[in-house]
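Structure at a glance
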Amino acid sequence: MQEVIKHVACPYCGSCCDDLEIAVEDGKIIEVKNACIIGIEIYHHASREGRVGSPRRRQSDGTYKDITYDEAIDFTAKMLIKAKKPLIFGFGSTNCEGMAAAGRVAEDAGAVLDNCASICHGSSFLAIFDTGYPSCTLGEVKNRADVVIYWGSNPAHAHPRHMSRYGVFPRGFFTGKGARGRKVIVVDPRYTDTARCADHFLQVQQGHDYELFDAFRMVMHGYGAELPDVVAGIPKEKILEVCDVIKAGRYVHIFFGMGLCHSDGRNHNVDIAINLVRDINEITKCTIMAMRGHYNIAGPGVVWAWQFGFPYCIDLSKGSHAHMNPGETSSVDLANRGEIDAFINIGTDAGAHFPIRAFEKIGSSMPVVTIDPSVNMAATVSDVHIPVAIVGVETGGICYRMDNVPIQYRAVVKPFNGILTDEELFDKIYERMQELKKAGVTSDGTWDYATPLADVRPVKEVYE
Ligand code: SF4
């Protein structure tokens, strides 16, 4: 019999749409309503043929063979104890319960605990540490904002329902005319699909956002007449026109994305954006928000700040205290400098998203475990791949939306083949570590994990 489950939250992007309706029949997902195309795919993926239903161990000929959860847990626990400085990275795509369980394991292992922020909005964190975060919730944007700026972000592709749920089109309490009552400004080097929805499009020169922010700040401080004729590729008249729109707004909101965090200046682009928000607040109301990527990438910042006092790049190897210093304790930097000796890829795909030089070092010189529902690029170079239940599809939990509002996720079907959740898996790894330590296993660097990838074939070849 078919059952329709309502108010389901989507486990893909930071918009965390929680108005999905999922039709389920005989334990299979039949139809997904209200989600964008990306969200729909997540649900159908769960019911697709060929899911990995059991942990897998790489063999000496490079193929993978199914093993039991006990064997996979034993491998991972031994790896964590034997390693001098293991790195546990990922967590964009799991629930807060899984993150907390992993935090306990990392502390016990003396590991470095890091999440996808260190290759994404980590630079925003640095700016926020320096400058503060005059932000709001997405509901406030929907209900109040009459000037919305998307700066270096392209929600039409990256957060497909963001503009219709929060930023541009919805009719809110004080924004009853919806898109007709809002002025939308897009700043991007490319004329994106988001820019098509804009009243004003500023085609900034790639990597020159800082100069443009500076120009905006000059105008807000009353020095607009002294601007040069062109700043960062934008004519002075256009800058003055857009600043007039901002000053006339009742409530201005800036959404920013990778255009600031991944281009020259990084955290300083965000610093100056936050300072511009403060300037605008001298004239009218203004707030700012990072367009967080994964549906729960805000989660580690909340959970680990509570556990350890830091949101990411957390070095627990000193035992007595946590230490955080991005650049020193960030995953890619640690990998590039060869400072780690074991790697867990969890709820992400470092194989696809790390710079290849960093991932080559990981894949060719240390034991690697991937914890993920699917076969991804990291899994293809891992010693052990452990499948887990998909959050929001096969298991519930708390996830933090891009504005740090917690959303209760729910399961719509049972876990495929009885696979474990991330939380259950990390709890079992923790228990096994205690047993092994009691039995005298220590970090003496003598562990032979049998089939290092380098003995099978180089990582480069795997990718080719
Ligand atoms: S916009 Fe994001 S959260 Fe909403 S349905 Fe699409 S992928 Fe899911």
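The structure we're discussing is the one just above.
Residues numbered from 1 in each chain as written. Predicted model: local features only at pLDDT ≥ 70, side-chain atom pairs only at ≥ 80, totals over all residues. Heavy atoms only, no water.

**Focus on helix α15 (residues 356–365)**
In plain terms, the rule: Type-normalised accessible area, obtained with a 1.4 Å probe on protein chains alone, sets the label of each residue: buried when under 20%, exposed when over 50%, and partly exposed for intermediate values. Strands here mean DSSP runs of E at least two residues long; helices mean DSSP runs of H or I at least four residues long; both are numbered from the N terminus. By arc we mean the arc of the directions from the helix axis to the C-beta atoms, nothing more.
Within α15 the residues assigned to the buried category are A358, F359, I362 and G363. Along the axis of α15, the buried positions cluster into a sector of 125°, meaning they face one direction only. Of the exposed residues in α15, the ones pointing more than 90 degrees away from its buried face are R357 and S365.

**A short note on helix α8 (residues 209–220)**
Going by this rule: A helix is expected to reach a length of 1.5 Å times the quantity of its residues less one.
A rise of 1.5 Å per residue sets the reference length of α8, with its 12 residues, at 16 Å; its end C-alpha atoms lie 17 Å apart and thus fit the reference within 8%. Within the span of α8, buried status applies to D209, L212, F213, A215, F216, V219 and M220. Down the axis of α8, the sector holding all buried residues measures 155°, keeping them to one side. Looking one or two residues beyond α8, the residue adopting positive phi is G222, at roughly 90°.

**Here we look at the sheet that holds strand β1 (residues 2–8)**
Counted only if it meets this: One bridge is not enough; two strands pair if DSSP finds at least two bridges between them. Axis angles are defined between N-to-C directions and span 0 to 180 degrees, where every axis is a line fitted to C-alpha atoms and, for a helix, only to the segment in contact. The contact rule is simple, with two residues in contact once any of their heavy atoms fall within 4.5 Å.
In spatial order, the strands read β1-β2-β3; together these 3 strands make up an open sheet with antiparallel pairing. The open sheet has two free edges, formed respectively by β1 and β3 (28–33), since each of these has just one partner strand. Averaged over all adjacent pairs, the angle separating strand axes in this sheet is 25°, with direction ignored. Both strand β2 (residues 20–25) and β3 contribute to a ladder of 5 bridges, which runs antiparallel. Looking at the pairing, E21 lines up with K33 of β3. Contacts between helix α1 (residues 37–46) and the sheet are confined to β1, β2 and β3, with β3 contributing the most and set at about 170° to the helix.

**Details of the site of the ligand**
Inclusion rule: A molecule or strand has a residue near it when one of that residue's heavy atoms lies within 4 Å. Amino acids are sorted into nonpolar (Ala, Val, Leu, Ile, Met, Phe, Trp, Tyr, Cys and Pro), charged (Asp, Glu, Lys and Arg) and polar (every other residue, Gly among them).
Taken together, C10, Y12, C13, C16, C17, A35, C36, G39, P160 and R161 make up the full set of residues adjacent to the ligand. Within the shell around the ligand, the residues separate by chemical class into 8 nonpolar, 1 polar and 1 charged.

**Details of the pairing of strand β6 (residues 86–90)**
Of all 5 residues that make up β6, 5 are buried, and the element is covered over most of its length. Residues P86, I88 and G90 point to one face of β6 and L87 and F89 to the other, with burial holding for every one of them. As paired strands, β6 and strand β17 (residues 342–346) are joined by 5 bridges and run parallel to one another. Each bridged residue has a counterpart across the sheet, and for F89 the counterpart in β17 is N345.

**Considering the pattern of salt bridges**
Spelled out, the test is: The salt bridge definition used is simple: a Lys or Arg side-chain nitrogen within 4 Å of an Asp or Glu carboxyl oxygen.
Counted by the stated rule, this structure contains 17 salt bridges. Between E41 and R48 there is a salt bridge; the shortest N-O distance is 3.3 Å. Here K437 makes a salt bridge to D108, at a shortest N to O gap of 3.0 Å. You can see K437 sitting in helix α16 (residues 422–438) and its partner D108 sitting in helix α3 (residues 96–109), a full 329 residues away along the chain. Owing to a relative accessible area of 33%, K437 belongs among the partly exposed residues under this scheme. For D108, a relative accessible area of 24% corresponds to the partly exposed category. One salt-bridge network, in which partners are shared between bridges, spans D18, D19, R161 and R165.

**What to know about the sheet that holds β17**
Here 9 strands make up an open sheet; going across it, the order is β5-β4-β19-β18-β17-β6-β7-β15-β16 and the pairing mixed. Of all strands in the sheet, those bounded by a partner on one side alone are β5 (64–66) and β16 (323–324). Bridge count for strand β4 (residues 56–58) against β5 is 3 bridges, and the pairing is antiparallel. Bridge assignment links R57 to a residue of β5, and that residue is K65.

**Concerning the packing of aromatic side chains**
For any pair of aromatic rings, geometry is given as the distance between the ring centres together with the angle between the planes. The criterion, for reference: Classification of ring pairs rests on two measures: the distance between centres of Phe, Tyr or Trp rings, Trp counted by its six-membered ring, which must be within 6.5 Å, and the angle between planes, read as stacked under 30 degrees, edge-to-face over 60 and tilted in between.
Scanning the entire structure with this criterion turns up 13 aromatic pairs. With 5.4 Å between their ring centres and 65° between their planes, Y191 and F201 make a pair best called edge-to-face. Within this pair, whereas Y191 is found in the loop between β9 (183–187) and β10 (200–202), its partner F201 is found in strand β10, the two being separated by 10 residues in sequence. A residue is classified by how much of its surface remains accessible, and F201, at 21% relative accessible area, is partly exposed.

**Quick word on the packing of helix α4 (residues 122–131) against helix α11 (residues 267–280)**
Geometry of a packed helix pair, given as the angle between the helix axes and the separation of the axes. Stated precisely, the cut-off is as follows: Note that the term roughly parallel is reserved for angles under 35 degrees, roughly antiparallel for angles over 145, roughly perpendicular for angles of 65 to 115, and oblique for everything else. By definition, any crossing whose near helix is turned counterclockwise from its far helix by less than a right angle is left-handed, and any crossing with a clockwise turn is right-handed.
Remark: α4 packs on α11, axes separated minimally by 8 Å, with the N-to-C direction vectors making an angle of 45°. Taken together, α4 and α11 sit at an angle that is classed as oblique. Between α4 and α11 the crossing geometry is right-handed. Two secondary-structure elements touch here, α4 through S123, S124, L126, A127, I128, D130 and T131 and α11 through N267, V270, D271, I274, N275 and R278. Class assignment for the residues of the contact of α4 with α11 results in 5 nonpolar, 5 polar and 3 charged.

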